[in-house]
Amino acid sequence: MPIEQQTMLSLKEIAPAARNNINTQFIVLEKGKITLEGGQNKTCMGLVADETASVHFQLWNEECDAFQPGDIVRLSNGIFSYHRGNNLVLRAGKRGKVEKVGEFTMAFVESPNMSEILWVPDPNNSGKYVRESVVSPHSRIFPPML
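About the criteria used
Residues numbered from 1 in each chain as written. Predicted model: local features only at pLDDT ≥ 70, side-chain atom pairs only at ≥ 80, totals over all residues. Heavy atoms only, no water. Disulfide = S-S within 2.5 Å. Buried < 20%, exposed > 50% of the residue type's maximum accessible area, 1.4 Å probe, protein only. Salt bridge = Lys/Arg side-chain N within 4 Å of Asp/Glu carboxyl O.

As for the state of the cysteines
Alright, step 1. With the rule as written, the count across this model stands at zero disulfides.
Alright, step 2. Looking at Cys-44, it has no disulfide partner, and the nearest cysteine sulfur is the one in Cys-64, 3.3 Å off.
Alright, step 3. Residue Cys-44 is classed as buried on the basis of its relative accessible area of 4%.
Alright, step 4. For Cys-64, a relative accessible area of 0% gives the class buried.

Written out as structure tokens, the structure reads:
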């Protein structure tokens, strides 16, 4: 299904899940250093945001070089899940797709950061997670400059 026909979520609407079903658009605010994972795969973390929230976004291999702060990016079939160290990250995953759709002109907020929320299994629906508490009001990976 073309992205135009898929439901676009705001970042504040995303929740952890084990399936690639997140379609959203955001601006890249910051990008961390590129590291090698497993000796061969490049990875880096970014801080991305839209007008409702921010989230940590994990980039892999060529994605690390393709996107820079200020880029507006569309994600289709993305996944919001736990990565190493129990960090919640949004990423394209194996079935998702990221593409640059613009630059610099997008309203955004940095709080709440959806990666800095403690999520717990929904007692009424084992396939869902619900917010329990806020771990930090801002990104602990990309702290605000004071």
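Things to note about the pattern of salt bridges
Alright, step 1. One pass over the full model with this rule turns up three salt bridges.
Alright, step 2. Glu-103 is the salt-bridge partner of Lys-100, the closest N and O atoms lying 2.6 Å from each other.
Alright, step 3. For Lys-100, a relative accessible area of 39% puts it in the partly exposed group.
Alright, step 4. Put simply, Asp-71, Lys-100 and Glu-103 are held in one network by salt bridges that share partners.

Nothing here speaks to function; it is geometry throughout.
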